[in-house]
Amino acid sequence: MPPQAFKDMKVVVGLGNPGRKYQGTRHNIGYAVVDSLATDSRCGRFQERFQAQVAELKDDPHRVLLVKPETFMNLSGQCVREIVDFYQVPIIDLLVVCDDFNLPLGKLRARARGTHGGHNGLRDIQNHLGTTEYPRLRIGVEAPGDKNAVDHVLGRFRPAERTVIEEAVAQAAQAVGIWIHQGMDACMNQYNG
């Protein structure tokens, strides 16, 4: 199919780790946002492609590719690079959704560009794309405190945190919709408050 067939395509990549062991962990909040978007009746089923679970959401006038890389967090860039290359998607039409323990629980932060900030998934994407100029949406999962950072992000939310996180996932899904239709500036204005 010629590249112009994909000119209205957006790609939303939710970062996480595959497998039951990691379901519901702080590191998998990107997966949770993509899963939330995939409940839309206009969305097809997830299929294995590009080392990921991929579903297509038809959100006129856009085709939105919803992606959950299965390469594990630290190798997320492989999958993202394959998709960007295959569809010839401009980097501005790629949005990466991930956790951030430097943000308070449930807080959203949208950015048009930026460093990886110590996040290994973003670091690998940056390395594979050769740029920091791609949009990202971070969701706060709270600082680890006395805990080891790896144990913290691979741990599950406490019962008292679940309501806040469910609301954050719903808000993040709305933020993705704003990004798709109005762009990153509108998304940042509405959700970075």
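Above: the structure in question.
For the structure given in this document, a descriptive report is provided here. (Residues numbered from 1 in each chain as written. Predicted model: local features only at pLDDT ≥ 70, side-chain atom pairs only at ≥ 80, totals over all residues. Heavy atoms only, no water.)

1. Quick word on the overall build of the protein
Which entries qualify depends on this criterion: Helical segments are the DSSP runs of H or I of at least four residues, strand segments are the runs of E of at least two, and each set is numbered from the N terminus. For the radius of gyration, the atoms used are the C-alpha atoms, and the globule rule reads 2.2 Å times the number of residues raised to 0.38. The rule is simple: take the accessible area with a 1.4 Å probe, protein chains only, and divide by the maximum for that residue type; under 20% is buried, over 50% is exposed, in between is partly exposed. Pairs of residues are marked as contacts when any of their non-hydrogen atoms sit within 4.5 Å. Per-residue and other accessible areas follow the Shrake-Rupley method at a 1.4 Å probe size, with only the shown protein chains counted as cover for residues. Residues scored as positive are Lys and Arg, those scored as negative are Asp and Glu, and His as well as the terminal groups of each chain are ignored. For the purpose of locating charges, the reference atoms are NZ of Lys, CZ of Arg, CG of Asp and CD of Glu.
For the protein, the count of helices and strands is six helices and seven strands. Its helices and strands in sequence order give the protein the pattern β-α-β-β-β-α-β-β-α-β-α-α-α, from N to C terminus. Whereas a compact globule of 193 residues would reach a radius of gyration of roughly 16 Å, the protein reaches 15 Å, a difference of no more than 12%. The principal-axis extent of the C-alpha atoms belonging to the protein is close to 50 × 30 × 30 Å. Across the 193 residues in the protein, those meeting the buried criterion constitute 50%. Counted over contacts in the protein with a minimum sequence separation of 6, partners at least 24 positions apart contribute 69%. Roughly 9,400 Å² of accessible area belongs to the protein as shown, and the carbon and sulfur atoms make up 48% of that amount. Averaging the coordinates of the 23 positive side-chain charges in the protein and doing the same for the 22 negative ones gives two points 1 Å apart.

2. Details of unusual backbone geometry
With omega at 5°, the peptide bond leading from Asp 60 into Pro 61 counts as cis. For Pro 61, the position within the fold is in the loop between β3 (52-59) and β4 (62-69). Within the chain, Phe 72 stands out as a residue other than glycine whose phi angle is a positive 70°. Position of Phe 72 relative to the elements: it lies in the loop between β4 and α2 (76-87). Even without a glycine there, the phi angle at Gln 88 is positive, about 50°. As for its position among the elements, Gln 88 is in the loop between α2 and β5 (94-100). Judged by relative accessible area, which is 53%, Gln 88 ranks as exposed.

3. A closer look at the side chain of Asp 59
Applicable threshold: Polar contacts here mean pairs of N or O atoms no more than 3.5 Å apart (in protein, one a potential hydrogen donor and the other a potential acceptor; neighbouring residues in sequence count only if both atoms are side-chain atoms).
Of note, Asp 59 is situated in strand β3. At a separation of 3.1 Å, a polar atom in the side chain of Asp 59 contacts the side chain of Arg 42. Setting aside residues no more than four positions away along its own chain, Asp 59 makes contact with Arg 42, Val 64, Ile 180 and His 181.

4. What about the pairing of β5?
The condition that has to hold: Any two strands are treated as partners once DSSP identifies two or more bridges connecting them.
Burial of β5 is extensive: seven of the seven residues sit out of reach of the surface. On β5, burial covers both faces: Leu 94, Val 96, Cys 98 and Asp 100 on one face and Leu 95, Val 97 and Asp 99 on the other are all buried. One ladder, built from four bridges, connects strand β1 (residues 9-14) with β5; its direction is parallel. Bridged to Val 11 within β5 is Leu 94. By the bridge criterion, five bridges tie β5 to strand β7 (residues 136-140) in an arrangement that is parallel. When the sheet's bridge partners are listed, Asp 99 is paired in β7 with Ile 139.

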